[in-house]
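# Breakdown of the fold
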Amino acid sequence: MAELKLTAETRTEFGKGAARRTRRAGRVPAVIYGHGADTVHVTLPGHDLMMALKTANVLIGLDLEGRQSLVIPKAVQRDPVKGFIEHVDLLAVKRGEKVTVEVAVHTEGELAPGANLLEHVLSTLTVEAEATHIPESVTVSIAGLDAGASILAKDIPLPSGTTLVIDEDAVVLQVLAAQAEEPAADEAGEGEGAGAEA
């Protein structure tokens, strides 16, 4: 995974008012933690950070007043309405260090013919990987799978050096037969419930 460079500035003001001023200036409040060191409060350039976060588990090379460090985003708070980034928690990592992250599960191929539905029981896999080689996602083939088939965590091929953290027998994907009659049965049940209440 490519390492993206960002320049951080130490943050000395705290509270909602200070955070608003920081965001108005086009920067985002953040904290850096990890390796038993004290938490460091910084601000990051808003647009550059937004672009960096388009890549899942992005590795960021941070320049904080001349000191270089590697971080990965662990928690991103966004405005619920406008979607802009309000705050980011960054985990300090070292080259060669293993970290636990969640990676997206992508599928390829077509299910067996018929009205089958693919259910994503888990949309991400929790894995452990070397900090500078975190996979953006994992891909599994669903080609030819029929109703009743399922794919377990252990069935998904992982890149070299990446290991599962969750139960290997956890169901990640399953194929369901389409059930056209079910909504009608539910409506009847709702009608009976309404009659009983009246």
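Residues numbered from 1 in each chain as written. Predicted model: local features only at pLDDT ≥ 70, side-chain atom pairs only at ≥ 80, totals over all residues. Heavy atoms only, no water.

### A short note on the sheet that holds strand S12 (residues 163-164)
Here is the rule: Here the rule is simple: two strands pair whenever DSSP picks up at least two bridges between them. Only DSSP runs of H or I covering at least 4 residues are called helices, and only runs of E covering at least 2 are called strands; the numbering of each starts at the N terminus.
Pairing is mixed in the open sheet, where four strands are placed in the order S10-S7-S9-S12. Of all the strands in the sheet, the pair left with one neighbour each is strand S10 (137-141) and S12. Across two bridges, strand S9 (residues 124-130) lies against S12 in antiparallel orientation. Within the sheet, the bridge partner assigned to Val127 lies in S12 and is Leu164.

### Points about the nonpolar core
Rule in force here: Buried residues of nine kinds, namely Ala, Val, Leu, Ile, Met, Phe, Trp, Tyr and Cys, make up a nonpolar core once their side-chain atoms join them within 4.5 Å. Here the term buried applies to any residue with accessible area under 20% of the maximum for its type, exposed to any over 50%, and partly exposed to those in between, with areas from a 1.4 Å probe on protein chains only. We call two residues contacting when some pair of their heavy atoms lies within 4.5 Å.
One finds Ile72, Val93, Leu125 and Ile156 to be the most contacted residues of the largest nonpolar core, which totals 25 residues. When contributions to this core are tallied by element, the ones reaching two or more residues are strand S5 (67-78), strand S6 (85-93), strand S7 (98-108), S9, S10 and strand S13 (171-177). The biggest single contributor to this core is S7, with four residues. Every residue in contact with Ile156, bar those within four places of it in the chain, is listed here: Val105, Leu125, Val138, Val140, Ile151 and Val172. Counting residues in hydrophobic clusters, the runner-up holds 18 residues, among them Ala8, Val28, Val42 and Leu64.

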